[in-house]
Amino acid sequence: MESVTLIVEAPASKLAIRTRTTGMLARLAHDLELVASDIRGRVNREADGFSGELIVPVAGIRVAGQLHGDRLDPAGISSSDRLEIERKIREEVFPGVKEIHVRGHGREWNHVDAVVESGLGKQSIPIAMRGGEADGRIRMTGRTELSLAKLGVREIKGPLGAFKVKDAVEVLFEVTLRPAD
């Protein structure tokens, strides 16, 4: 098999980040689902496996809504709270960081060894995926967990430490790859 380059089809791809709160007044805080828009990337497919990179612009991370367990409530966050959370992501959570890079490789599509790098820190993670090929495209879905601390993010907490965002965040994704033009 000759080398094939595939690119991320952004409109058909989605990356969601789920944060959870803990602490004495966590009930008053919001568990959130954030979505990353404008993700881009490429995969080089070889006979013995593949390698690739996914790029997530920090400025493209938006609040999708409030989580109640695993149920998303898009109307659960006011417009002003959304804007404030998105500002804090850019200016306080990832200050000075333009993009988060995920670089990975594997022999089979169902398992990727990846490194996530924010510019403030990095961590190695395994990613389990499932999916398949149809119409010349490859569609993969999966989930993984990231440590905010390992990415160099300072603890995120409310006034007087009444609540904080848990270090572990869940990342869910649906990525569609198509042959490069």
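Residues numbered from 1 in each chain as written. Predicted model: local features only at pLDDT ≥ 70, side-chain atom pairs only at ≥ 80, totals over all residues. Heavy atoms only, no water.

**Student:** Run through the pairing of strand β12 (residues 137–147), naming residues and quoting values.
**Tutor:** Side-chain positions along a regular strand alternate between the two faces of the sheet. Pairing of strand β11 (residues 122–134) with β12 involves seven bridges; the strand directions are antiparallel. By the bridge assignment, E133 is partnered in β12 with I138. Taking the residues that link successive antiparallel strands as the turn, the β11-β12 hairpin has two residues, and the phi of D135 there is positive, at about 55°. (Pairing = 2+ DSSP bridges. Helix = DSSP H or I, 4+ residues; strand = E, 2+ residues; numbered from the N terminus.)

**Student:** Can you lay out the nonpolar core for me, pointing to particular residues and giving the numbers?
**Tutor:** Judged by nonpolar contacts, the single largest core of 42 residues is most densely connected at L15, F94, W109 and L177. The greatest single-element share of this core, amounting to five residues, is contributed by strand β14 (residues 168–179). Excluding its chain neighbours within four sequence positions, the residues that come into contact with W109 are L6, V43, R45, F50, M129, E133, I138, M140 and L177. (Core = buried A, V, L, I, M, F, W, Y, C linked by side-chain atoms within 4.5 Å. Buried < 20%, exposed > 50% of the residue type's maximum accessible area, 1.4 Å probe, protein only. Contact = heavy atoms within 4.5 Å.)

**Student:** Got a sec to walk through unusual backbone geometry? Specific residues and values, please.
**Tutor:** You will see that D38, though not glycine, has its phi angle at about 60°, which is positive. Tracing the chain through its elements places D38 in the loop between β4 (32–36) and β5 (40–46). According to the relative accessible area criterion, D38 is exposed, its value standing at 57%. The phi dihedral of D135 falls on the positive side, at around 55°, and the residue is not glycine. Mapped onto the fold, D135 is located in the loop between β11 and β12.

**Student:** Run through the environment of L34, naming residues and quoting values.
**Tutor:** Considering the arrangement of structural elements, one finds L34 in strand β4. Separated by 39 residues in sequence, L34 and D73 place their C-alpha atoms 12 Å apart. Aside from chain neighbours lying at most four places away, what touches L34 is L15, A16, I17, T19, I61, R62, V63, A64 and I89.

**Student:** Can you explain the environment of I17? Please cite residues and give values.
**Tutor:** Relative to the helices and strands, I17 is located in strand β2 (residues 14–19). A relative accessible area of 15% means that I17 is categorised as buried. Residues I17 and E145, 128 residues apart in the sequence, show an inter-C-alpha distance of 9.3 Å. With sequence-adjacent residues up to four places away left out, I17 is seen in contact with L32, E33, L34, V169 and E170.

**Student:** So what about the pattern of salt bridges? Which residues, and what values?
**Tutor:** Under the criterion given, the structure shown has 18 salt bridges. Here R137 and E9 are joined by a salt bridge, their closest N and O atoms 2.6 Å apart. Of this pair, R137 sits in strand β12 while E9 is found in the loop between β1 (4–8) and β2, placing the two residues 128 residues apart along the sequence. Owing to a relative accessible area of 19%, E9 belongs among the buried residues under this scheme. We note a salt bridge from R20 to D70, for which the minimum N-O separation is 3.0 Å. Pair noted here: R20 is in the loop between β2 and β3 (21–22) and D70 is in the loop between β7 (61–68) and β8 (71–73), with a separation of 50 residues, a long-range link. For R20, a relative accessible area of 19% puts it in the buried group. (Salt bridge = Lys/Arg side-chain N within 4 Å of Asp/Glu carboxyl O.)

**Student:** Before we move on, could you go through the side chain of T144 and cite the residues and values that matter?
**Tutor:** Along the polypeptide, T144 turns up in strand β12. For T144, a relative accessible area of 9% corresponds to the buried category. Of note is the side chain of T144, whose polar atom sits 3.2 Å from the backbone oxygen of P126. If near-sequence neighbours (up to four positions away) are discounted, T144 is found in contact with I125, P126, I127, V169, E170 and V171. (Polar contact = N/O pair within 3.5 Å; in protein donor to acceptor, adjacent residues only side chain to side chain.)

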